[in-house]
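# Summary of structural features
The primary structure of each chain is shown beneath.
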Amino acid sequence: MTDEDQVVKEITPMEKDFSQWYIDTILKTELADYTTVRGCIVFRPYGYALWENMQSLLDKRFKETGHKNAYFPLFIPESLLNKEVEHVEGFAPEVAWVTHGGDEELAERLAVRPTSETIICSMYSKWVKSWRDLPILINQWANVVRWEKSTRPFLRTSEFLWQEGHTAHSTEKEAEQETLRMLDVYRDFVESELALPVIAGRKTENEKFAGALRTYCIEALMKDGKALQAGTSHNLGQHFAEVFDIQYLDKDGQLKYVWQTSWGVSTRLIGAVIMTHGDNKGLKLPPRVAPIQAVIIPIPGKESAVVYDRAKKLKETLKGAYRVELDMNDEKTPGWKFSEYEMKGVPLRIEIGPRDVKKNQVVLVRRDNGEKTSVSQDELYETVGKLLEDIQKNMYNQAKSFTEENTHTVHNFDEFKDVLEDKKGFVKANWCGSTECELAIKEKTMATIRCIPFEDSEPDGNCICCGKKATKKVVFARAY
RNA sequence: CGGGGCGUAGCGCAGUUGGUAGCGCGCGUGGUUUGGGACCAUGAGGCCGUGGGUUCAAGUCCCGCCGCCCCGACCA
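Note that this is a predicted model, so its numbers are computed, not measured.

### Quick notes on the packing of aromatic side chains
For the coordinates displayed, the defined rule picks out 16 aromatic pairs. Relative to Trp-141, the ring of Phe-62 lies with its centre 6.1 Å away and its plane at 40°, an arrangement referred to as tilted. With Phe-62 in helix 3 (residues 45-64) and Trp-141 in strand 7 (residues 136-145), the pair connects residues that are 79 residues apart, well separated along the chain. Pairing Phe-240 with Phe-244 gives two aromatic rings, centres 6.4 Å apart and planes at 15°, and the pair type is stacked. On the criterion of helical spacing, the pair formed by Phe-240 and Phe-244 is a turn pair, its members being four residues apart in helix 8 (residues 239-244). Across this residue pair, the class does not change: Phe-240 and Phe-244 are buried. Connected via pairs of aromatic rings, a cluster forms that spans Trp-51, Phe-62, Trp-141, Tyr-186 and Trp-263. A cation sits over an aromatic face here: Lys-226 above Tyr-480, 4.3 Å from the ring centre. Here the guanidinium or amino end of Lys-344 rests over the ring plane of Tyr-46, the centre of that ring lying 4.3 Å away.

### Section: the pattern of salt bridges
Across all of its chains, the model carries 31 salt bridges by this definition. Of the charged contacts in the structure, one is a salt bridge between Glu-191 and Arg-187, with a shortest N-O distance of 2.9 Å. In this pair, Glu-191 and Arg-187 both sit in helix 7 (residues 172-192), four residues apart, roughly one turn of the helix.

### Looking at the packing of helix 3 against helix 9 (residues 268-277)
It is the contact of helix 3 with helix 9, at a shortest axis distance of 10 Å, that shows an interaxial angle of 105°. Comparing the axis directions of helix 3 and helix 9 gives the class roughly perpendicular. Residues Gly-47, Leu-50, Trp-51 and Met-54 of helix 3 form the contact with helix 9, whose participating residues are Leu-269, Ile-270 and Val-273. Taken together, the residues of the contact of helix 3 with helix 9 sort by class into six nonpolar, one polar and no charged.

### Some remarks on the packing of helix 2 (residues 18-28) against helix 9
Where helix 2 meets helix 9, the axes come as close as 11 Å, and the angle between the chain directions of the two elements is 115°. For the pair helix 2 and helix 9, the sense of crossing is right-handed. Within the contact between the two elements, helix 2 uses Phe-18, Trp-21, Tyr-22, Thr-25 and Ile-26 and helix 9 uses Gly-271, Ile-274 and Met-275. By residue class, the composition of the contact of helix 2 with helix 9 is six nonpolar, two polar and no charged.

### Looking at the sheet that holds strand 17 (residues 348-352)
With mixed pairing, five strands are arranged side by side in an open sheet as 16-15-17-18-19. Sheet topology places strand 16 (324-326) and strand 19 (372-376) at the edges, where each strand pairs with a single neighbour. Direction aside, the axes of adjacent strands within the sheet are offset by 25° on average. In terms of strand pairing, strand 17 meets strand 18 (residues 361-366) through four bridges, oriented antiparallel. Within strand 18, the residue paired with Arg-349 across the bridge is Val-365. The sheet strands contacting helix 10 (residues 304-319) are strand 15 (294-298), strand 16, strand 17 and strand 18, and the helix crosses strand 15 at an angle near 165°. Seen against the sheet, helix 13 (residues 380-405) touches strand 17, strand 18 and strand 19 and runs at an angle of roughly 10° to strand 18.

What counts and what doesn't
Residues numbered from 1 in each chain as written. Chains lettered and ligands numbered in written order. Predicted model: local features only at pLDDT ≥ 70, side-chain atom pairs only at ≥ 80, totals over all residues. Heavy atoms only, no water. Phe/Tyr/Trp six-rings, centres within 6.5 Å; stacked < 30°, edge-to-face > 60°. Helix = DSSP H or I, 4+ residues; strand = E, 2+ residues; numbered from the N terminus. Buried < 20%, exposed > 50% of the residue type's maximum accessible area, 1.4 Å probe, protein only. Lys NZ or Arg CZ within 6 Å of the ring centre and 35° of its normal. Salt bridge = Lys/Arg side-chain N within 4 Å of Asp/Glu carboxyl O. Axes fitted to C-alpha atoms, helices over the stretch in contact; angles between N-to-C directions. Parallel < 35°, antiparallel > 145°, perpendicular 65-115°, else oblique. Contact = heavy atoms within 4.5 Å. Nonpolar A, V, L, I, M, F, W, Y, C, P; charged D, E, K, R; others polar. Left-handed = near helix turned anticlockwise from the far one by under 90°. Pairing = 2+ DSSP bridges.

Here it is as structure tokens:
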């Protein structure tokens, strides 16, 4: 049997139409479904379980870095939202408004939060009085609404789930450290749990968060060669503190404004996992977050009772340590199940049939590389652990190689255009630092500056756009 | 908001010059099967997106509306 024959028929091959592959994969694997509400999806149990796993791993990291969870209102009075000028201007076009309560028109419109800086700052101004009240380290798990013109499941939906951290500090230095620390938490999380290699760096003035002093981000490369912003962390400076009047009395008796940060990742990460690891059979989920890490598929044969019995015992052995499922459905053939769980991206398949029962073994098949091995049932517990770890590593390495192979350095505009057309991916190029050049390049090529990377951003030539002396070497890409 | 596409059974689709709706998958029931998406038998399931028009007759032709998807412009 060739690879071609194995391809799941219901999923459009990614070479043919990547976008359709993405949609087909999501729908067929039951991660999500479209609803009657424009731009809004349902997170079906399998997709929600994936998000819950991401949540708990992230939440653990937030707690470890001293943050506490809280929950702020969904509604933001218009007057609050309007306080920070740059912020409103950034979000105004995509805010959903509540104008009525029942039949009665509200005295003041309420925005459905597109992000919570304003409502949170309004509370911080109440809570912060003294240097002793700082820092405030709060995180919120929430849904937000942005009235997007065009939507795609997970990547851009009218309503999405995310977390937003909001902190307040007494010094600029501390705020900057927090901003960078949380970016690094994100980097570590996506690399070690989601197996997504990323480029970390700073956003340009043009690309930064509305109202921020500086924005940092991690950028990942998808299999179609487009970049995806996987997480952002903002140093808000004192912009919000000034308009929301968040002041504290310092040790020296002076009234001072706090320095703030905010940072977030969203369910978009699910999209990143799909588009980084998936193939024409469907999903490939990293073991650390896969809702099902291993599936046991019994092959009943003539002595089905014995096989089923042994399969149940195997599940008992594994279930304390791994997210394992036993598929006892008698209506589907084993072959059907093989394809189904491969499509669903389950990292490891455990087959047990009459032959295995006789030999006291099981057959293990890896989703990441298709490798098939037999192992004694006595060693199953340890072997599963080792394999899951190995799959996780291998998935990261594969994605890493892909990203490296699709990262190109160019030194003039023609080369830049050629690479974008032929090879796509990340393109490193010298840039003079002007917004004019950044926009001109975007106009001509649809590529944006994804970030000014922390590593390897020393210029080694002239700006590919205007030809003047470059100040930075930055990462360009066409992005989602 | 521009360009394109699509609305017919749960899903995917077919439906000829207009003549009163069909296929595949899925679903129910009974049985045989089960090591890479099994098979036989037998069932259930439709206001053909919506409003108007043409016609003896509209899924089909004409006009409007609504919705959804894709690709762009703008954004996690």
